[in-house]
Each structure stands twice: as structure tokens, then as C-alpha cells.
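Chains, contacts and geometry: an overview
Okay, here's what each chain looks like letter by letter:
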Amino acid sequence: MAPGIIDFLKRILTTLTPSMQEKYLPKEIEQAAQQHWEHAAAFRATEDAAKPKYYCLSMFPYPSGKLHMGHVRNYTIGDVLSRYHKMRGFNVLQPMGWDAFGLPAENAAMANGVPPAKWTYDNIAYMKKQLKSLGFAIDWERELATCQPQYYQWNQWLFLRMLEKGIAYLKTGTVNWDPVDQTVLANEQVIDGRGWRTGALVEKREIPMYYLKITDYADELLSALDTLPGWPERVKTMQANWIGKSHGVRFAFPYRLGGKQEKLWVYTTRADTIMGVTFCAVAAEHPLATHAARNNLKLAEFIEECKRGSVMEADMATMEKKGMPTGIFVDHPLTAKKIEVWVGNYVLMGYGEGAVMAVPAHDERDFEFAKKYGLAIKPVISVAGQTYSLDAWQEWYADKAHGVCVNSGKYNDLDYPSAIDAIVADLKAKDLGDQQITYRLRDWGISRQRYWGCPIPIIHCPSCGVVPVPDDQLPVVLPDDCVPDGSGNPLRKRADFLDCACPKCGQAAKRETDTMDTFVDSSWYYARYCSAGNTQAMVDARSDYWMPVDQYIGGIEHAILHLLYSRFWSKVMRDLGLVKYQEPFANLLTQGMVLNEIFFRKPQGGTAGRIVYYNPTEVDLQFDDKGNRCGATLRSDGQPVESGGIGTMSKSKNNGVDPQALVDQYGADTARFFMMFAAPPEQTLEWSDSGVEGSFRFLKRLWAFGHAMHDSVRGAGKVPEKLDGALAALADVRREIHLNLKQANYDIGKHQFNTVASAAMKILNALEKTPRPGDGAAVIAEGLSILLRLLSPITPHICHVLWRELGYGDDLLQAPWPEPLAAALAQDEIELVLQINGKLRGNLRVAADATREAIEAAALASTTVQKHCEGKPTKKVIVVPGRLVNIVV
RNA sequence: GCCGGGGUGAUGAAAUUGGUAACCAUAGCGGACUUAAAAUCCGCCGCCCUUAUAAGGCUUGCCGGUUCGAGUCCGGUCCCCGGCACCA
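Quick caveat: nothing in here was measured; it's all calculated off a predicted structure.

So, on to unusual backbone geometry. Peptide bonds are mostly trans, and most non-glycine residues show a negative phi. The residue after L474, namely P475, is reached through a cis peptide bond having omega -5°. With an omega of 0°, the peptide bond running from M547 to P548 counts as cis. Mapped onto the secondary structure, P548 falls in the loop between α17 (541-546) and β26 (551-555). Despite not being glycine, A336 has its phi angle at roughly 65°, a positive value. Along the chain, the position of A336 falls in the loop between β13 (323-331) and β14 (338-344). One non-glycine residue, D413, lies in the positive phi region at around 75°. Relative to the assigned elements, D413 resides in the loop between β17 (403-405) and α13 (416-429).

Structure representation (C-alpha cells):
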């Protein structure tokens, strides 16, 4: 046909039906879809008792500057679930806000001389624009930022309630102290034991801090994990281990000091080994250590050494164990034998009693310590078939399940529980100890010696002492124009903040300058979204409607701290009568991290200089003939760079990919599709440029297919009741589509969105192969309507526009979720796998409703079986319905 | 160090949870279209042996076990990742 005639026909067609853009133009499509949702206020959530509610919450972002890939992944997962449930008929709430207080704002302030408030609000404005461009179904009317007084005043208000109830209290705590900058450092700011800015050796320092008694809730926080079937097992296990409930014995070693009778208290879970105690160890800050150091210069020096060094548990656990004897002896509580007290750098004052009993024979750490300092090792547990040797530590030395006491006088031959009972009875009789349940969990210290946080509402009065700020003076507003300079909290220099009148006596007084841990802000924001805008109360009746959160989504790195603090905080709110729910998050999805390859060059010539990291977007990869990677070069100079393997996207390794560049180049739908397709949500996700290209190609193909089918879909009728005879090929395609839909629906239930994306691709593959004329159009129209609905939670923009272009309806969000049809799935014959002795040997076609006996007979009669087990007698035939037949000979 | 998770083709991964290992993609190779390139479309693609195949053998980090049958369960071991209480 001549081109002129084709053009002529095209022009006629376009006048007959609404025209459709031929090329896939994500920018236009996404703008149109987003405008539609905006005008329809499609995501505004209102309380509606008639509908089942679905509160879908993603962990709010820290406004660090721009979105990173982890955010895109997190919020796409939340958006897929939100849109899916909306189409399923749920009343969906998906809010968004900003975890806006924190250290990075102060660092940026120091670097740029800009107040943290301005930096934070600028970042929020930019990141909000980014979130909007990704098309998330968010109710922006509920937006909050934790640095707003109307939010954090309720931190202060609840803190005061906790103070009244004794849940909040004052105690000394240990912090990292930079002696040059004269300031407290965060753990992150301590690098190899030195301050990050000054390079000075960091010291430990004891300062007064406010603590929250999370330990009062330890037992409930532990037992209530069983009421959370929607939480991943691994998170519940981690929380249970973190709380660390243990049944043990608290007992004392009596001693005389300065003419007075005293007791050195310790706690142990291995009281059955008490007869093996050969020394005790106390923390450097323990009163006994301080006493002994008075006339012992070397010990005093050692105690000073212990006070340097790290406060971090990982460092404590891996450092070299050191100790020094105090020369002080205590009495063994059962034998009255003299036991020497040592100072150990591995004993912490803040944990338990600040003192431990040492049983080198049955505790690995004590064993090493005793070997190092030549202390006695006395085995008191024996396990049948094992011989104790002092040469090296053996796993069984610490075995309490199979051992019995030996070398233990009256306790000999007792097993663990009986030994504990007998020993506790004797300790009790002497008033020297009893059984006790303890927790590894420690109270939550919330005081931070930093500016950019929620002020702790306390006033220090020279006459009245510590005075809580009265409710009617809340909020204590943080001045928002300070610029920190690294030399400590700038609030200390702000007279307008600092100076106030004592609420009790009216005298001149000073405000507390410590602010709250940012984990406080994030411990209840989910409840505040439900009561947005209420200036009179922290939460109101709307929170009773929405809470608990039906689906919480966030990084696995928050598995313990944030989630535990949030659970604790909501239990406190419950006990204050503010909320009715027991647990804030009914279901939890912990997404994996986003990773990318790390490229670097070591400094040339010698060790001086830093490693330079190059962004993967600046690196070209080389491949050999077989397609294997054989090198990488920097694009700018063509010289090779080294690969540092795959790691989480981070600023320090310069391996982040800017989501904005991705959205600008390919559109939001491609970014969203790739994020869902590349890995299941709970696993780590590796970045791949070519994977993004592939996602974009798929969406282009989808658009092109929609364009090609435009007229026939608009003109298509219903799929005929029977697709047999000449239409058998159509029946196959239709079955494939419905099978994939069935699988996808199952996978959505498992939150396995990568295979949902894969199912969508398979459906498009099937549709493209469908014979087009006649009844094919009906099958295609049906299949495409399934595909668009199934895919719409992942790539909502392209699906929304195609849905309208192809005349399915005005609003895809209002369409019902697709379900597979039994008629489309039905088939007469099925194929079974044929195994002989568990080895795959062939296939077997049988009727779909064949009985076990019929299948067995057909299998034995098949040529495959005849060939492979000629003559050998059949021992057993295993038939797995719908799957396989295994013949054992 | 302790707690938790992971390891499957060249790569991301799948396997309805003990029943055909590698779906769907990516990369690569070959072809069509094109003056050419891009884009698009079609075909091949775990490894070994081979008489080149519609035969056979091997393969889910490594070693061992349970089972008719193990990527999946059990024991051991190596490596990687997350958390460890002031990064968020």
C-alpha cells in the first residue's frame, strides 16, 4: 500500500476514535495522572466507620537533603500496599512527615554557617517535591515535622506526665567527652577513640541525665511479642534477645572495711558454679576500686586508663581484657574462704551491680583472664565422658544442660536446677542472696547535650532545685536561629532562652539546655498523624479509629531500637489513658538495604593521602569475550579503578545513585518498577543501570501494545463462553493470563512484589503472542484490563492513563481488583513428572481428574518406566497429586 | 565478641514452603530491519561428557546426616551483611 493511503486511513481513524499518543512519554503521562489525583483529592483520608480501615505507614525520612534509593524503595512498597488495599475496598490512610531533629543538621550548620532550622526546612521543601513526583498516594494534609513546636510540645507534655509517675527520672550516665572542644560526642563522632574534629583522645565522663524506665515494661515488651503474628520472626527474636530476660541469683560477698561490715553484691545465672569462684572483678568506677586506689598509685593509674576508652558495647566486647588486683579480699558467702577483688576493664558500672563473680573453670572470659594473670582455675562441673584440662577452653566447660556439680562439697552430684535450689536455700538462710529475674535491657537515657532537639521542660532554680515546667507554659520553644560551632550546646549562650523565672518561687532561674534523644520524636509520630491539627490534645478519637497501624514498613536497621522505643512509648500512653491499643504496629515489613558497587583508588606512592571513592555513574566496565567482568575504568581519564565489592549506598563510599536523575531520565514508573522487580522487599537490593533500562523497555512495550490495541480494545466484546475447536489457542493464552494473575494475587499476599512484576511481564508476553483478529480482541481486552489493574499499584501513572485511553473507565483506583476465573483456568489434561528412584526420567499426561490408581497404572505402563526398570520388582509407588509419580525399584 | 539474617547460572533472581533447580529479566552471542547507528523484533544462552542428541552425568558456599525424594529439614564449618543502646 502506498504511504499516502496509509496516512489517509490513519487520519480517518483518528477522527473516528479519540487519539492516543504513540510514543511513551512518561513526563506527560505522570503529570496528567498526578493532576487527576490532586484534583480528585484521591488520597485524602477521612474516618468512615462503614469501611474496613487500612493504615499503611512507612518510616518517615530524616530530611538530609534529597531522597535516597532506600526512601524510594521504602515508599514504593508502602504505596503498592496502599493502592492495592484501596482497590480492594479499604479506607486507606497513608501519611508522611519528617524526622526533623538530629545531628546532621548541626553538622551542616557548622559547615555552611546556616541555622539547622533553615537547612532542615529547605530540605523538607525539596524532598516533598521529590516525593510528589514519584506519585505516592499520600494524604499530605496530615504532614508533620518533629521540629515544629506544635509537634514537640507533646513530647514535653508526656515527659512531664512520666516524671509525675516516676517513669522519667534523673541518674548519672556515661558519655564520650572531647577534652579539647569541651563537648559531648555522639558515638558516631568518635573515630578510633578520638574526637572527629579535634583528634583528641576521648574520655568517658559521668553526667546527670534523664532516663525513662523502659525496664518497668521489660516483661510486657517481651511477652507481648507473642501477640504480634504479623511481625517477622527475626525481628521478634532480636527484640527478645535484646530484652534478655534471665533467671539468676543475686548474692553478696561479705567483707569488713574500715571496721564496718559491708557486702559486695553480684548477679549470676550460674550459681551452680559458685563453689568454683576464685576471684571477683569490679568496674573501675566501683567504690571498692576507688577505695583501694587511695594508697595504690599503680591501681589509680590503671583505673584512669579504664576511664579512657570506648563506651560502645562492640568495643568493650572485642578489646583486650585487662585487670589489676585491689589487695582487698571478700569472704566467699558459703565457704568463708578469702576471695581477692580485682578491677577489670570489662566490668561496667552501669550494668547490674558493677561487680561480677569469676569462675574461670566455667566461663570463657574468666578462663582467659585467669590464664593471663595466673589466677586459680577450679573445675566444679563435670560432664559424662569429658575430661577437664587447663590447657585450652572447651565448649563443654560452660554446658549447664548435661553437667553435675563436683568438687563442691555438699552440692556434689547435683544437676543444674537442683544445685541452684540448694545453693539459693543456703544463701537465703545466711541472708546473703536470693533468686532474681533480670533483664539485659537498660533504661533509656534521653538527655542529649545538643541544640537541635526538643528541649527538656525543666527549670533549675537556686532555691527549689529541679522544677518541671508547668503545663500552661508549654511548649518550651527552641530558638530556631542558633548556629552551632562545635564547642558545645549554643543554647548555653542564649540568655533569652536560658533565663526564666522559677515557676515555684518566682526567683531568677535557668532553663535546662539538654534536649531529647530523637528516638523520642519518632516513638509516637504514627499516632499524631491520626490526630493532625489538634492543638488541645496529643491524640484524639480519630486515633482510636485508625490505630494500630495495619502495616508498618521500614529498614531492618530499625529492628530493635526504634521499634522497641515505639512499643514502650505507646504502652505508657495506654497506661495514661490516652490510647486504647496494646501495640502500635500490627504488621511489620522490614525492607532490605539498597546496595551498589564501590569503586576506589588507593593513594599513589606510599601510604600518605586518602582513598578516593568514585561514583559508579563515573565508571565504565570492561567485559571479556565470555561476557565476564574483567575491569573498570574511570570515564574521565580512562585509567583503571579498583572495585571494593558491593556495599550499602552511602556518602562515605560515594556509591549512591540519585533517584532524581532516574526519575528525570525515565520517569517515576520506571523507578518504581525497577525497585519492586529487582529483589523481594526483605532482601538487599543491588543497583543495576541495565536493570533500570530493562524496566523502562517493559513500560515502553506496554504503552506500545496499548497504542496498537487502542481501537480493537475499545470495540471488543465479551470473551465467548466456550473457547474450543479453532479457538483452543485463545483458551491457552487466556489460561496463561489467569494463571499468572492467580500466582500474582498469592504473591501480593506474601508481599513478594518482584514476582508480581514478573507476572505482569509474563502477561504482556502472552498478550503480544495472542492471535489478534476476531475473538482474539475480546481475550486481549480482558487480559489487558487484568494487566493494568494488577500493575497499577507498582506503576500507577502509565496504568491510569492507559485505563482511560482504552476506555475501561474514568478512574482505575475505583476499579475492582482482578480475580482469576475458574472457567479460564480449567483444563482437561495435566502433565505429571515421572521419577524412578527419585531421578527425573520423563513426563506423563493424565486426565485432570484421574484417580491415584489410574495414575499409578499409567505410570507403570509407560515406555519410560518399561525402559528404566525392566524386570526389577517395584518396591513402592509414590503419587503426589497434580505433581509427580516416583517409582522406587 | 554477642544477637539476627544471607550465600542458587556471567548478573538480579524464581522454585505456592520436602516434589521437574534456574520462571521473569539483565548481560552476552547470532540474525532481521537500517546507508549507518540507536531503537525495535526474532533466535540461542548453568556446567561436563558426547556418537552433537528427544542419550548420559554433574550443579543451589563447603563437609556430613535424615528421606522414595533436600536449594528447602538436622549437625558442623567458611564467607558476607544488619544491630550492639548518642547516626538515623
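The subject of this paragraph is the layout of surface pockets. As a volume, the second largest pocket reaches approximately 810 Å³. Only α2 (26-40), α5 (116-133) and α19 (659-666) provide two or more residues apiece to the lining of the second largest pocket. Counting residues per element, the lining of the second largest pocket draws most heavily on α2, at 8 residues. Split by residue class, the lining of the second largest pocket holds 13 nonpolar, 9 polar and 9 charged.

On to the nonpolar core. Formed by 173 residues in total, the largest nonpolar core has its most connected members in Y55, Y525, Y526 and W569. Ranked by residue count, the leading element in this core is helix α24 (residues 775-791), at 10 residues. If near-sequence neighbours (up to four positions away) are discounted, Y525 is found in contact with L57, S58, M59, F60, L144, Y151, Y552 and H562. Counting residues in hydrophobic clusters, the runner-up holds 42 residues, among them F253, L264, V266 and L288.

Once that is clear, we can look at the protein's contact with RNA strand B. In the vicinity of RNA strand B lie 71 residues, with N187, R450, A678, S690 and N886 positioned nearest. Backbone atoms, meaning sugar and phosphate, make up 65% of the atoms of RNA strand B lying within 4 Å of the protein. A distance of 3.0 Å separates a phosphate oxygen of RNA strand B from a polar atom in the backbone of L103. The side chain of S758 places a nitrogen or oxygen atom 3.5 Å from a sugar or linking oxygen of RNA strand B. For the surface near RNA strand B, the element with the highest residue contribution is helix α23 (residues 753-769), accounting for 6 residues. A class-by-class count of the residues in the surface near RNA strand B yields 26 nonpolar, 25 polar and 20 charged.

In this structure, G533 sits in the loop between α16 (525-529) and α17. Note on G533: relative accessible area 66%, which makes it exposed. Each C-alpha atom, one on G533 and one on Y84, is 28 Å from the other, the two residues being 449 residues apart in sequence.

Bringing the packing of helix α20 (residues 668-677) against α23 into the picture now. Direction vectors running N to C along α20 and α23 enclose 115°, while the axes themselves pass 7 Å from each other. Of the residues in α23, those in contact with F673, M676 and F677 of α20 are F753, N754, A757, S758 and M761.

Turning to the sheet that holds strand β19 (residues 444-445), a few remarks are in order. Strand order in this open sheet of 4 strands is β6-β5-β9-β19, and the pairing throughout is antiparallel. At either end of the open sheet lies a strand with only one pairing partner, and these are β6 (183-185) and β19. Pairing of strand β5 (residues 168-178) with β6 involves 3 bridges; the strand directions are antiparallel. Considered in β6, the bridge of D178 is made with T183.

The 4 strands are arranged β22-β21-β24-β23 in an open sheet whose pairing can be described as antiparallel. Each end of this open sheet is capped by a strand with a single partner; those strands are β22 (465-468) and β23 (499-501). Within this sheet the neighbouring strands show an average axis-to-axis angle of 45°, counted without direction. As paired strands, β23 and strand β24 (residues 508-511) are joined by 3 bridges and run antiparallel to one another. Note that in β24 the partner of C500 across the bridge is A509.

With that out of the way, let us pick up the pattern of salt bridges. Scanning the model with the defined rule gives 40 salt bridges in all. For R161, the salt bridge is made with D471, and the minimal N-O distance between the two is 3.1 Å. Here D471 lies in the loop between β22 and α14 (495-498) and R161 lies in helix α6 (residues 149-165), a separation of 310 residues in the sequence. R161 gets classed as buried once you look at its relative accessible area, which sits at 12%. Taking the relative accessible area as the measure of exposure, D471 reaches 36% and is therefore partly exposed. The shortest N-O distance in the salt bridge between D426 and K410 comes to 2.7 Å. Here D426 is found in helix α13, whereas its partner K410 is found in the loop between β17 and α13, with 16 residues between them in sequence. Exposure remark for K410: the relative accessible area of 62% places this residue in the exposed category. The network of salt bridges with shared partners includes E220, R567, K571, R574, D575 and E583.

Between helix α4 (residues 103-112) and α5, the least distance of the axes is 8 Å, while the angle of their chain directions is 110°. As far as their axial angle goes, α5 and α4 are roughly perpendicular. The chirality of how α4 crosses α5 is right-handed. Within the contact between the two elements, α4 uses P104, A105, E106, A108, A109 and N112 and α5 uses P116, W119 and T120. For the contact of α4 with α5, the residue count by class is 6 nonpolar, 2 polar and 1 charged.

Rules behind the numbers
Residues numbered from 1 in each chain as written. Chains lettered and ligands numbered in written order. Predicted model: local features only at pLDDT ≥ 70, side-chain atom pairs only at ≥ 80, totals over all residues. Heavy atoms only, no water. Helix = DSSP H or I, 4+ residues; strand = E, 2+ residues; numbered from the N terminus. 1 Å grid on protein atoms, 1.4 Å probe; cavity = no way out; pocket = protein on both sides within 12 Å on 5 of 7 lines; lining within 4 Å. Points joined across faces, edges and corners; volume = space filled by probe spheres on them. Nonpolar A, V, L, I, M, F, W, Y, C, P; charged D, E, K, R; others polar. Core = buried A, V, L, I, M, F, W, Y, C linked by side-chain atoms within 4.5 Å. Buried < 20%, exposed > 50% of the residue type's maximum accessible area, 1.4 Å probe, protein only. Contact = heavy atoms within 4.5 Å. Near = heavy atom within 4 Å. Polar contact = N/O pair within 3.5 Å; in protein donor to acceptor, adjacent residues only side chain to side chain. Axes fitted to C-alpha atoms, helices over the stretch in contact; angles between N-to-C directions. Pairing = 2+ DSSP bridges. Salt bridge = Lys/Arg side-chain N within 4 Å of Asp/Glu carboxyl O. Parallel < 35°, antiparallel > 145°, perpendicular 65-115°, else oblique. Left-handed = near helix turned anticlockwise from the far one by under 90°.

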